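Single-letter residue listing:
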Amino acid sequence: MRIGLMVGSDKERSRADRLTGLLDDGRAAEADGFASFWMPQVPGYLDALTAVALLGQRTKRIEIGTAVVPVQTRHPLIMAQQALTTQAACNGRFTLGLGPSHHWIIADQLGLPYDRPAALMRDYLDVLIAAFAGPGAVAVTNDSFRVCSPIDVTDATGPPVLIAALGPTMLRIAGERTGGTILWMADERAIGEYVVPRITAAAERAGRHGIRVVAGVPVALCADRDVDAARAYASEVLGHADVSPNYVRLLEHGDAADVGDTMAAGDEAAVRARLRRYRDAGVTDLAVRVVPLGTDAGRRAASRRRTQEFVVSLVDELS
């Protein structure tokens with residue numbers, strides 16, 4: 001299991017420092033020895049693809065990915081142009097994570113249709129895969145798109161594509177047509193008994209191998225007496241499941257009731273044991289979302305450092 005970091009919107013930093021701080025975080029993750037660095041597209045926050053392209057120019061080794069960009073907000077050909085440009089900026093180290101997002105973002109915040117998201121993803125991939133095939137004409141007609149346009153960005157191949165696949169149809173699409181899935185709010189049982197068997201079977205039917213299961217997992221190194229509070233805090237700051245039916249349905253396949261229950265929290269032995277269980281469930285890539293604890297910014301910064309240093313010490317052990 002490869003171990004990387006996942007970041008989110010950083011409210012501890014001023015707006016003026018957020019981009020610089022993010023780039024510093026990515027460089028530090030590479031220096032520490034993490035395998036990957038994942039950034040979500042958070043509503044109203046820094047644009048993930050722009051930030052990834054900048055980070056690609058400031059790093060040399062680490063994989064940099066989006067986790068994830070909603071497909072409804074960018075036409076697939078425009079996404080292809082941006083992704084190919086980002087891949088060039090990252091010297092081939094970029095991974096494009098896509099997802100159908102949630103109704104409360106797409107419909108409620110943006111006023112866009114949120115109809116048949118799995119069918120949209122399938123049609124979206126038709127265009128994207130054609131555009132990633134190389135410079136030349138892209139001609140695709142399906143239920144969602146009618147595209148007849150040249151693509152001439154780079155000679156480099158398109159980046160690997162992973163999709164946020166929570167339901168059975170999306171897992172089938174991920175296995176058949178992409179490099180794998182990026183998960184959030186999935187515990188070990190949901191991954192091992194639900195996600196991995198479905199995506200693996202779909203990939204095998206399509207003759208595909210090396211499917212990735214990237215799991216975003218909150219982590220906090222803390223005293224045992226603080227674990228319950230840490231889980232409650234994670235659910236509060238990282239988003240309750242009940243606002244997104246997609247997450248609720250995924251949680252039903254495991255033992256967790258909310259994101260805090262998927263968290264690796266406690267002392268070194270507890271965190272190590274939980275992360276091992278994720279590995280044993282079939283996670284190929286762990287995207288650690290460090291949850292800093294403390295009553296002020298200084299204590300939270302120290303908590304972040306302790307947790308991150310401990311996680312990176314597990315890289316060889318969990319690989």
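Residues numbered from 1 in each chain as written. Predicted model: local features only at pLDDT ≥ 70, side-chain atom pairs only at ≥ 80, totals over all residues. Heavy atoms only, no water.

Looking at an unreviewed UniProt entry, one finds the protein chain named Luciferase-like domain-containing protein, with Mycolicibacterium thermoresistibile as its source organism.

Engineer: Any chance you could explain the side chain of D123 here in plain terms?
Structural biologist: With respect to the secondary-structure elements, D123 resides in helix α5 (residues 117-132). Look at D123: it is buried, it has no salt bridge, and the nearest opposite charge is R116 at 6.1 Å. When near neighbours in sequence (up to four residues on either side) are disregarded, D123 contacts N142, D143, S144 and F145. (Helix = DSSP H or I, 4+ residues; strand = E, 2+ residues; numbered from the N terminus. Buried < 20%, exposed > 50% of the residue type's maximum accessible area, 1.4 Å probe, protein only. Lys, Arg positive; Asp, Glu negative; His and termini not counted. Salt bridge = Lys/Arg side-chain N within 4 Å of Asp/Glu carboxyl O. Contact = heavy atoms within 4.5 Å.)

Engineer: I would appreciate a short explanation of helix α10 (residues 268-281) in the present structure.
Structural biologist: Every α-helix carries 3.6 residues per turn, so stepping three or four residues along brings you back to the same face. The terminal C-alpha atoms of α10, which comprises 14 residues, lie 20 Å apart, in line with the 20 Å expected from a rise of 1.5 Å per residue. Restricting attention to buried positions, one finds in α10 the residues V271, R274, L275, Y278 and A281. The buried side chains of α10 occupy one side of the element, clustering within an arc of 115° when seen end-on. Opposite the buried face of α10, at more than 90 degrees from it, the exposed residues are A269 and D280. Phi turns positive one or two residues past the end of α10, at G282, with a value near 115°. (Expected span 1.5 Å × (residues − 1). Arc of directions from axis to C-beta.)

Engineer: Please explain the pattern of salt bridges as it appears in this structure.
Structural biologist: Side chains that differ in sign of charge can pair as their charged atoms come close. Inspection of every chain in the model, using the stated rule, returns 18 salt bridges. Salt-bridge contacts for D255 lead to R189; the nearest nitrogen and oxygen are separated by 2.9 Å. Highlighted residues: D255 in the loop between α9 (245-251) and β11 (264-266) and R189 in helix α7 (residues 188-205), separated in sequence by 66 residues. Residue R272 is joined to E317 by a salt bridge in which the shortest nitrogen-to-oxygen separation is 3.1 Å. With R272 in helix α10 and E317 in helix α12 (residues 315-318), this pair connects stretches of sequence that are 45 residues apart. Taking relative accessible area as the criterion, R272 reaches 24% and is therefore assigned partly exposed. Each member of the salt-bridge network shares a partner with another, and the members are R2, E63, R212 and D285.

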